[in-house]
Amino acid sequence: MTEQQLKRTPLYEAHIAAGAKMIDFGGWEMPVQYKGILEEHRAVRTAAGLFDVSHMGEIEIKGPTALQTVQHLITNDAAKLATGQVIYSPMCYPHGGVVDDLLVYKRAEDHYYIVVNASNTDKDLEWMQENSLLETTVVNQSAATAQLALQGPKALPVLQRLTGVRLELGYYRFTRGKVAGVDCLISRTGYTGEVGFELYCAPELVRRLWDTILAEGHQGEEVMPIGLGARDTLRFEAGMPLYGHELGENINPLEAGLGSFVKPDKDEFIGKSALVLARAMGLKRKLVGIEMVERGIPRGGYVLAMAGKDIGFVTSGTFSPSLGKNLGLGFVPVEMSREGTELQVIIRGKAVKAVVVSTPFYKKDLKGGKSND
Amino acid sequence: MTNPRDLKYTKEHEWARIEGNRVTVGITHYAQEALGDVVFVELPGVGDKIIEGEAFGTVESVKSVSDLYAPVSGEVVEVNDNVLDSPETVNTDPYGAAWMIVVEIADPTEVDKLLSAEQYEEFLAEQD
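Counting restarts for each chain, with residues numbered from 1 along the sequence as it is written. As a convention, the first chain written is A and the first ligand written is 1, with the rest following in written order. It should be noted that, the model being predicted, local features are given only for residues of pLDDT at least 70 and side-chain atom pairs only at 80 or more, the latter also being counted only at that level, while totals for whole chains, interfaces and linings use all residues. To get the side-chain values, all heavy atoms of the structure are used, and hydrogens and water are removed first.

## Overview of unusual backbone geometry
Residue and element names in this part refer to chain A. What counts is decided by this rule: Here a helix means four or more residues in a row that DSSP labels H or I, a strand means two or more in a row labelled E, and each is numbered from the N terminus.
The omega angle of the peptide bond from Thr 359 to Pro 360 is 0°, so this bond is cis rather than trans. Its location among the elements puts Pro 360 in the segment after strand 19 (350–357). Positioned with a positive phi, Arg 348 is a non-glycine residue whose angle comes to about 45°. If you trace the backbone, Arg 348 turns up in the loop between strand 18 (342–347) and strand 19.

Here's what the structure looks like:
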């Protein structure tokens, strides 16, 4: 794909001006880093970081049967959602594999707002339209929506200075209001393992929001722009799956450790019978954490082995900036998934020792204190 | 940063310091900048043989894995353990503390193929 064909967010010029290194991410020309992945990662863990995630897809589901359509599409239960609440859910194929993982925002009884992975937007839209009920409309709002994420321990105080809206929202709650004079949907969600917010606004206003938040950060609390490189290491440490790595058409959500987001007690949904059966039969493989014992970094696609036999594969892996260790996530047979199990990662033809460890690698209480649930 | 004039270079972005039949090898400033934060380095052991143009080690940044290509053939006589323990020196001091190995070359004429600093910079200019 040539550069001319890559899609750009409304903040493209801002990224170039900030010295970002740009990459092709699923057809989007996005900043992978500004100052450096390690520095950006640490900034989010210790202060605050601002991400342009305008490439994400936003799909609106509206109409008198909107809830039934949502319930049919996702594995989690949206029936109990209050207006102003968000849930995370996989969306599955009939065989139990994952179409995508997404957030569902309940904006009104007949109005749900679905946020999906950028590179899956077209596929998801088609899937949702094919599988929607009569009297439900499914509309792609991605081009009409820009999205920023402000994440880290300083996210709340920085953002609060820019808005009259009381931001002490519970985890996975959202509200509407003006931030820096820009009308936003303000959501206490994120993909970093830190307290933070995701802000949705009109594309033509996002530059003002971006510049104002970065400038506000300089009043004592630094806010750094963060690229997709650190976004990936942050979500990885927090044990959050990435579609195409821990999730995919041939991986079911139970194997990926997302069993708590699959609710077989609710009425029919796509993939239900396959997932109920898979659970009843017992899972064959499981996603685990892997820590290197010998020197090496486990990378996505590397083979996992035990006693000379291939037993699975790494889905994601990197040097963990917060823990200073070389860590991975990967699938292994259930009987080899216990913490402390010794295995090997095949790195450039060599079997390198590693051990199964618990996940998430990095954990911070995101619900405590400020919740108004 | 300019590339030291007294070193030789390859199109794979390694540098070589030639002192008689001993050649010290590292990666260039351009390479470390393109890689980003280096978090892991793998090198051969003392006594290993390396072959010109073939991979002799690996350098990994947070996101990427790259081979190191031998600028010359010969036997590894020294390995920089510090760079194994502190891979970030590849970013901070690529031409100094982050030297990687010393090779004793078998064929001294091999170094004639290497690029001068000026030639390497011309090559870089063509890449952009």
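## Description of the domain arrangement of chain A
Rules: Domain extents, as shown, originate in an automatic or database domain assignment.
The domain architecture assigned to chain A consists of domain 1 (3–53 + 145–237), domain 2 (57–143) and domain 3 (284–357). Using only C-alpha atoms to locate each centre, domain 2 of chain A and domain 3 of chain A end up separated by 34 Å.

## Regarding the sheet that holds strand 9 (residues 146–151) of chain A
For sheets, the rule is that strands pair by backbone hydrogen bonds, running either parallel or antiparallel. Residues and elements named next belong to chain A. Which entries qualify depends on this criterion: Between any two strands, at least two bridges found by DSSP are needed for them to pair. Comment: axis = line fitted to C-alpha atoms, over the contacting stretch for helices; angle = value between 0 and 180 degrees taken between N-to-C directions.
Within the open sheet, the six strands sit side by side as 10-11-12-9-3-13. Their pairing is mixed. Each having just a single partner strand, strand 10 (174–179) and strand 13 (223–226) make up the two edges of the open sheet. Pairwise comparison of adjacent strand axes, ignoring direction, gives a mean angle of 25° for this sheet. Two strands pair when backbone bridges link them, and strand 3 (residues 48–52) and strand 13 are joined in this way by four bridges, in the parallel orientation. Each residue of the ladder has a partner; that of Ala 48, found in strand 13, is Val 223.

## Focus: the packing of helix 2 (residues 37–46) of chain A against helix 7 (residues 228–237) of chain A
All names here are of chain A. Where we set the bar: Roughly parallel here means an angle under 35 degrees, roughly antiparallel means over 145, roughly perpendicular means 65 to 115, and every remaining angle is called oblique. Handedness of a crossing follows from how the near helix is turned relative to the far one, being left-handed for an anticlockwise turn of less than a right angle and right-handed for a clockwise one. The contact criterion used throughout is that any non-hydrogen atoms of two residues lie within 4.5 Å. Residue type decides the class: Asp, Glu, Lys and Arg count as charged, Ala, Val, Leu, Ile, Met, Phe, Trp, Tyr, Cys and Pro as nonpolar, and the leftover types, Gly among them, as polar.
Two elements in contact, helix 2 and helix 7, have axes separated by 8 Å at closest approach and are oriented at 55°. It follows that helix 2 is oblique to helix 7 by the angle criterion. Crossing angle aside, the handedness with which helix 2 passes helix 7 is right-handed. Contact residues: Ile 37, Glu 40, His 41, Val 44 and Arg 45 in helix 2; Gly 229, Ala 230, Thr 233, Leu 234 and Glu 237 in helix 7. The class makeup of the residues in the contact of helix 2 with helix 7 is four nonpolar, three polar and three charged.

## Describing the pairing of strand 7 (residues 65–69) of chain B
Residue and element names in this part refer to chain B. The pairing of strand 6 (residues 55–61) with strand 7 spans five bridges and is antiparallel. Across the sheet, residue Gly 57 finds its bridge partner in strand 7, namely Leu 68. Once strand 6 ends, the chain turns through three residues before running back antiparallel as strand 7.

## A few points about the nonpolar core
Counted only if it meets this: We define the nonpolar core as a collection of buried residues of types Ala, Val, Leu, Ile, Met, Phe, Trp, Tyr and Cys that are connected through side-chain atoms lying within 4.5 Å of one another. Partly exposed residues are those whose accessible area sits between 20% and 50% of the maximum for their type, while under 20% is buried and over 50% is exposed, using a 1.4 Å probe and protein chains only.
Core analysis: the biggest nonpolar cluster contains 49 residues, and Phe 51, Leu 103, Tyr 105, Val 115 and Leu 247 of chain A have the highest contact counts within it. Met 22, Leu 159, Leu 162 and Trp 210 of chain A belong to the second largest nonpolar core, which has 33 residues in total.

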